[in-house]
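One-letter residues, chain by chain:
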Amino acid sequence: MLDLTVKQQVLEGTVRYCREKGITLPTFAMMKDPRLVPESVKADLTRIGLWDVHPANLYRITWKNEPREHGGLFGGVNHIVLPKELTGCAANILVLVGRYFPTGAHKVGATFGCLVPRLITGQFNPLTTKAVWPSTGNFCRGGAYISALLACQAIAILPEGMSESASNG
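Thresholds, definitions, all that
Residues numbered from 1 in each chain as written. Predicted model: local features only at pLDDT ≥ 70, side-chain atom pairs only at ≥ 80, totals over all residues. Heavy atoms only, no water. Helix = DSSP H or I, 4+ residues; strand = E, 2+ residues; numbered from the N terminus. Buried < 20%, exposed > 50% of the residue type's maximum accessible area, 1.4 Å probe, protein only. Contact = heavy atoms within 4.5 Å. Areas by Shrake-Rupley, 256 points an atom, 1.4 Å probe, with all protein chains shown as cover. Lys, Arg positive; Asp, Glu negative; His and termini not counted. Charge placed at Lys NZ, Arg CZ, Asp CG, Glu CD. Disulfide = S-S within 2.5 Å. Core = buried A, V, L, I, M, F, W, Y, C linked by side-chain atoms within 4.5 Å. Polar contact = N/O pair within 3.5 Å; in protein donor to acceptor, adjacent residues only side chain to side chain. Patch = residues over 30% accessible without salt bridge, like charges linked within 9 Å, V, L, I, M, F, W, Y side chains within 5 Å. Salt bridge = Lys/Arg side-chain N within 4 Å of Asp/Glu carboxyl O. Phe/Tyr/Trp six-rings, centres within 6.5 Å; stacked < 30°, edge-to-face > 60°. Expected span 1.5 Å × (residues − 1). Arc of directions from axis to C-beta.

Caption draft 1: Just the overall build of the chain, in detail. Counting secondary structure elements, the chain contains 7 helices and 4 strands. The linear arrangement of helices and strands in the chain, starting from the amino end, is α-α-α-β-α-β-α-β-α-β-α. Sorting the 169 residues of the chain into buried and exposed places 36% on the buried side. Taking the contacts inside the chain whose residues are at least 6 apart along the sequence as the reference set, 56% of them involve residues at least 24 apart. For the chain, the accessible area works out to roughly 9800 Å², and carbon and sulfur atoms hold 57% of it. Of the side-chain charges in the chain, 17 are positive and 12 negative, and the distance between the mean point of each set is 4 Å.

The following block contains the structure:
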């Protein structure tokens, strides 16, 4: 069960820290429906790249990013419908495209969902605590990126030999 106990003193320091860094957080409702994103954030997004380390990119943690590398806002779900002639299957087969996530990988939202509840309850102090991301790849990448957007330190833990086998294959 998720512990939502608020540590008020840490939370107050985190709020000050985020204000100083210009960090605001999208709600899960905004991630589901980007039309709810404030106009001021949308204006920022038109000036920054999809992969830039900029806190406004927290609002791009969605399948609904406009397929543009710079200045894009939001659109439909990024996907490709594979033609029946290719698949040999009567059912529609859809492929979700992760390229237009801020890291190019879909695990960004999962890592946001892990860290932010701790951040907004004061259970995670971005000034003194390191975010640890164990994974075989995309989860670490997403966590490190979310940590960078939140201006906090991250540690990525990959299985032994992970990088070596990836470079040889």
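Caption draft 2: Focus on the state of the cysteines. Counted under the stated rule, the structure contains 0 disulfides. With no disulfide of its own, cysteine 18 lies 9.0 Å from the sulfur of cysteine 152, the closest cysteine sulfur. For cysteine 18, a relative accessible area of 11% puts it in the buried group. The cysteine cysteine 140 is free of any disulfide, with cysteine 114 supplying the nearest cysteine sulfur at 12 Å.

Caption draft 3: Representation of the nonpolar core in the model. Counting 20 residues, the largest nonpolar core has Leu58, Ile61, Phe112, Leu115, Phe124, Ile146 and Leu150 as the members making the most contacts within it. Breaking this core down by element, the ones donating at least two residues are helix 5 (107–120), strand 3 (131–134) and helix 6 (138–149). If you tally residues by element for this core, the top one is helix 5, at 5 residues. Counting residues in hydrophobic clusters, the runner-up holds 8 residues, among them Val41, Ile48, Ala56 and Tyr59.

Caption draft 4: Representation of the side chain of asparagine 78 within the structure. Structurally, asparagine 78 can be placed in the loop between helix 3 (39–45) and strand 1 (79–82). Since its relative accessible area comes to 10%, asparagine 78 is described here as buried. Here the side chain of asparagine 78 touches asparagine 65 through a polar contact of 2.7 Å, landing on its backbone oxygen. Setting aside its immediate chain neighbours within four residues, asparagine 78 contacts Trp63, Lys64, Asn65, Pro67, Val95, Leu96, Val97 and Tyr100.

Caption draft 5: Broad picture of a nonpolar patch on the surface. Together, Ile80, Ile93 and Val95 make up an exposed nonpolar region whose accessible area comes to about 210 Å². With respect to the helices and strands, isoleucine 80 occurs in strand 1.

Caption draft 6: The packing of aromatic side chains, seen in detail. According to the stated counting rule, one finds 2 aromatic pairs in the structure shown. Measuring from ring centre to ring centre gives 5.6 Å for tryptophan 133 and phenylalanine 139, while their planes differ by 70°; the resulting arrangement is edge-to-face. Since its relative accessible area comes to 4%, tryptophan 133 is described here as buried.

Caption draft 7: The arrangement of the side chain of threonine 121 in detail. Along the chain, threonine 121 falls in the loop between helix 5 and strand 3. In this structure threonine 121 touches Leu4, Thr5, Val6, Lys7 and Leu11, once residues within four positions along its chain are discounted.

Caption draft 8: Structural detail: helix 1 (residues 8–21). If you check helix 1, its first and last C-alpha atoms are 20 Å apart, about what 14 residues at 1.5 Å a residue would give, namely 20 Å. Among all positions of helix 1, only Leu11, Gly13, Thr14, Tyr17 and Cys18 are buried. Buried residues of helix 1, viewed axially, fall in a sector of 160°; they line one side. Residues of helix 1 that are exposed and point more than 90 degrees away from the buried face comprise Gln9, Arg19 and Glu20.

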